[in-house]
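Below, each chain spelled out in residue letters.
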Amino acid sequence: MKNDLPAMFAILIFPGGLSLLLGGLMFEWIDRKFVARLQNRKGPKWYQPLADVIKSFSKEEIVPAGVNAGLFIGLPIVGVTTALVTGLYVPLFGFAPSHSFAGDLIVVLYFLSVLTLTLGVAGANTMDHFSLIGATRTLTQLFSYEAPFMLALLGPAIVAQSWQINEINVYAQNHTWFLFSQPIGFIIALIGLMGKLELPPFDAPEAETEIVSGALTEYSGRGLGLFHLGQDVEFIIGITLITTFYLGGLANPLEFILKSLGLLLVLTALQTLAARLRIDQTVGLWWRIGALLALIQLIISIAIRKLI
Amino acid sequence: MQRRSILDQLKSWARVNSPWAIHYNSGGCNGCDIELLATTTPRYDLERFGIKLQGSPRHADILLATGPATLQSIEPLRRIYTQMPDPKYVVAIGSCALSGGVFHGCYNVLGDLSRILPVDAYIPGCPPRPEAIIYGIVALLNSVRNSDQKITFTSDIELDIAEPVLFPRERGEITQPNRQPHADRYLRRES
Ligand code: SF4
């Protein structure tokens, strides 16, 4: 579907900005509700994530002793901004991205990592031991899943011969789903997304039973709410990216709803099934198996391209 | 009652619908804690009310305190309370937290939590059932819905919390905070 809305409207209201935030909150609710149903309970009400965020914003923000106050206050804003910027380049809600240029795939991947990076720096900024350990784990995990995730998204890009998300989207709509032509890549991208979003079994960075709540231990009020929003936005963007690449593209809003909800339910079921991995197990899994499989997938697709 | 602005109503709506809790046992027998943890299992499903058990006091709105507050644990209890951001509430769970319960009159316990914290809801029982705990928290939320007055709390106990030493090496000394206050400060027995 074409998108010819005025630029300011596209950035602030739809499909970026406000509707992106609300979409992220909605996705979080579906995720939590489905986990609750799988655990045989009723689960939260539909406005639960919204209430959480508003409550966080209405609370006092404590700047603890021993931190760099500027960084402490600024980092959540940087994190949530970079997450929102990516909304301009992906086909959100089934509409064509409002901005697009050659190579925006790299930019989007970079911006998605910046949120994790700010989380790590925010944890390292405080004096608290728990947030220090959380920050170390966040950054360690970032370096382990980033390469395989990137390689897994490169597969479709190489076949479509473009580094532009919009063109890959159009290519995917007119060809067999990459899910069937590159199954290994799909699995790695899916699990990579789980690592990126710090869902179980990759939630060692915020393991509540070990290190309180990881990098965000010292954050309260506004900062906590902003990071929460940023993670929700990353959630919806990540799901949109994988649906675009591997599930036959997003041509219209109906397709977006069906495909992204399907993917969301798979993600939720996977996260309910698995127990938490230790951080060294996570790193080992990604570098020994993930990166290797992604490379093999990439080599196969390049070889097939050369032969045909 | 004074009419409240839309923003205030929105704030109190969010506050009522998303109470995150932190749990601290100040020296009870653990019975209440087991019941409290049973309350957070899927069978009782606290997430219906938006209640989430948090590890960090900085994220919490409600302090679920059990136990009679032994002299050792008064300081950590107060420290957790001061670490929580405003607005915050305290729920005292179990007979111990209300009056000392079976530990009443012991040489090393304070007994009534309201002597050191502004308690907003009391849940009696030794230990209270999960249903009772849920009922107590929901009763607290209902009273939060209708009021936003500031609580002024004065304690009859003077308590200075030891400052954490952040940069011991820069100061060139390592100070040991006095962690073991004298029992006479807290226990004022009726003679
Ligand atoms: S109230 Fe009863 S069950 Fe609870 S901590 Fe005290 S003695 Fe134990």
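Our subject is the structure listed above.
Novice: Could you give an account of the packing of helix α2 (residues 17-38) of chain A against helix α11 (residues 222-246) of chain A, naming the residues involved and the relevant values?
Specialist: For any two helices packed against each other, the geometry comes down to the angle between their axes and how far apart the axes lie. Residues and elements named next belong to chain A. Following both chains from N to C, one finds α2 and α11 inclined at 85°, their axes separated by 8 Å at the closest point. By the criterion of interaxial angle, the relationship of α2 to α11 is roughly perpendicular. Residues Leu20, Leu21, Gly23, Gly24, Leu25, Phe27, Glu28 and Asp31 of α2 form the contact with α11, whose participating residues are His228, Leu229, Asp232, Val233, Phe235, Ile236, Ile237 and Ile239.

Novice: Can you explain the interface of chain A and chain B? Please cite residues and give values.
Specialist: On the side of chain B, 30 residues touch chain A, which itself brings 31 residues to the contact. Each partner contributes to the roughly 2,700 Å² buried at the junction of chain A and chain B, and carbon and sulfur atoms together form 56% of this total. Summed over the three residues of chain A that lose the most area to chain B, namely Arg41(A), Lys55(A) and Lys59(A), the buried surface amounts to 22% of that side. Close ionic contact of Asp61(B) with Lys55(A) constitutes a salt bridge, the shortest N to O distance being 2.9 Å. Here chain A is connected to chain B by 18 residue pairs in polar contact (both at pLDDT 80 or more). Secondary-structure elements contributing two or more residues to the side of chain A that touches chain B are α2 and α3 (48-58) of chain A. Ranked by residues supplied to the side of chain A that touches chain B, first place goes to α3(A) with six residues. Of the residues contributing to the side of chain A that touches chain B, the split by class is 13 nonpolar, eight polar and 10 charged.

Novice: Pulling in residues and values, what's your account of the site of the ligand?
Specialist: All names here are of chain B. In the vicinity of the ligand, the residues found are Gly28, Cys29, Gly31, Cys32, Gly94, Ser95, Cys96, Val102, Gly125, Cys126 and Pro127. Put simply, the parts of the chain that give the shell around the ligand at least two residues each are α2 (31-39) and α4 (95-99). The class makeup of the residues in the shell around the ligand is six nonpolar, five polar and no charged.

Novice: Describe in detail the sheet that holds strand β2 (residues 52-53) of chain B, supporting the description with residues and values.
Specialist: All names here are of chain B. One open sheet holds the five strands; their spatial order is β2-β1-β3-β4-β5, and the pairing between them is parallel. The two strands at the open ends of the sheet, each matched to only one other strand, are β2 and β5 (121-123). Taken together, the five bridges between strand β1 (residues 20-25) and strand β3 (residues 62-66) define a ladder with parallel strand orientation. Opposite His23, over in β3, you have Leu64 as the bridge partner.

Novice: Kindly report on helix α9 (residues 183-196) of chain A, identifying the contributing residues and their values.
Specialist: Residue and element names in this part refer to chain A. Taking 1.5 Å per residue as the helical rise, α9 with its 14 residues ought to reach 20 Å, and the 20 Å between its terminal C-alpha atoms agrees with that figure. The element α9 is extensively covered by neighbouring structure, given that 10 of its 14 residues are classed as buried. Those residues of α9 that fall on the buried side of the exposure criterion are Gly185, Phe186, Ile188, Ala189, Leu190, Gly192, Leu193, Met194, Gly195 and Lys196. Of the surrounding secondary structure, the elements contacted by the buried residues of α9 are α5 (104-125), α6 (129-160), α8 (178-181), α11, α12 (253-273) and α13 (279-307). Positive phi appears at Glu198, one or two residues downstream of α9, with a value of about 55°.

Novice: Help me get a handle on the packing of aromatic side chains, residues and values and all.
Specialist: What the rule picks out here adds up to seven aromatic pairs over all chains. Aromatic side chains Phe72(A) and Tyr219(A) sit 4.2 Å apart centroid to centroid with 10° between the ring planes, which places their arrangement in the stacked category. Here Phe72(A), found in helix α4 (residues 69-85), pairs with Tyr219(A), found in the loop between α10 (208-211) and α11; they are 147 residues apart in sequence, far enough to count as distant. Just as Phe72(A) is buried, Tyr219(A) falls in that class too. Pairwise contacts between aromatic rings join Trp46(A), Tyr47(A) and Trp13(B) into one cluster.

Novice: Which residues make up unusual backbone geometry, and what values go with them?
Specialist: Residue and element names in this part refer to chain B. In this chain, Cys126 is followed by Pro127 through a cis amide linkage whose omega measures -5°. When you line up the elements, Pro127 lands in the loop between β5 and α5 (130-145). Even without being a glycine, Asn30 presents a positive backbone phi close to 85°. Position of Asn30 relative to the elements: it lies in the loop between β1 and α2. On the basis of relative accessibility, which here comes to 41%, the residue Asn30 falls in the partly exposed class. Unusually for a residue other than glycine, Asp45 sits at a positive phi of about 50°. Assignment of secondary structure puts Asp45 in the loop between α2 and β2.

Novice: Give a detailed account of the environment of Val266(A), specifying residues and quantitative values.
Specialist: Residues and elements named next belong to chain A. The residue Val266 is located in helix α12 in this model. A residue is classified by how much of its surface remains accessible, and Val266, at 41% relative accessible area, is partly exposed. For the pair Val266 and Leu190, spaced 76 residues apart in the sequence, the C-alpha separation amounts to 9.4 Å.

Novice: Let's hear about a nonpolar patch on the surface: which residues, and what values?
Specialist: All names here are of chain A. A cluster of nonpolar residues, Leu285, Ile289, Leu292, Leu293, Ile296, Ile300, Ile304, Leu307 and Ile308, forms a patch on the protein surface that exposes about 890 Å² of accessible area. Position of Ile308 relative to the elements: it lies in the segment after α13. According to the relative accessible area criterion, Ile308 is exposed, its value standing at 84%.

Novice: Provide a residue-level description of the pattern of salt bridges, including the pertinent values.
Specialist: Once their charged atoms are close, side chains differing in charge can pair, the charge on each being opposite to the other. Counting across every chain of the model gives 13 salt bridges over all chains. For Arg32(A), the salt bridge goes to Glu28(A), with nearest N and O atoms at 3.2 Å. Here the residue Arg32(A) and the residue Glu28(A) both occupy positions in helix α2, the gap between them amounting to four residues, near one helical turn. You can call Arg32(A) buried: its relative accessible area is 11%. Each of Glu28(A), Arg32(A), Arg41(A), Asp52(A), Asp45(B) and Glu47(B) takes part in salt bridges that share partners, so that together they form one network.

Reading the values: the criteria
- Residues numbered from 1 in each chain as written.
- Chains lettered and ligands numbered in written order.
- Predicted model: local features only at pLDDT ≥ 70, side-chain atom pairs only at ≥ 80, totals over all residues.
- Heavy atoms only, no water.
- Axes fitted to C-alpha atoms, helices over the stretch in contact; angles between N-to-C directions.
- Helix = DSSP H or I, 4+ residues; strand = E, 2+ residues; numbered from the N terminus.
- Parallel < 35°, antiparallel > 145°, perpendicular 65-115°, else oblique.
- Contact = heavy atoms within 4.5 Å.
- Buried area = accessible area lost by both parts, 1.4 Å probe.
- Salt bridge = Lys/Arg side-chain N within 4 Å of Asp/Glu carboxyl O.
- Polar contact = N/O pair within 3.5 Å; in protein donor to acceptor, adjacent residues only side chain to side chain.
- Nonpolar A, V, L, I, M, F, W, Y, C, P; charged D, E, K, R; others polar.
- Near = heavy atom within 4 Å.
- Pairing = 2+ DSSP bridges.
- Expected span 1.5 Å × (residues − 1).
- Buried < 20%, exposed > 50% of the residue type's maximum accessible area, 1.4 Å probe, protein only.
- Phe/Tyr/Trp six-rings, centres within 6.5 Å; stacked < 30°, edge-to-face > 60°.
- Patch = residues over 30% accessible without salt bridge, like charges linked within 9 Å, V, L, I, M, F, W, Y side chains within 5 Å.
- Areas by Shrake-Rupley, 256 points an atom, 1.4 Å probe, with all protein chains shown as cover.

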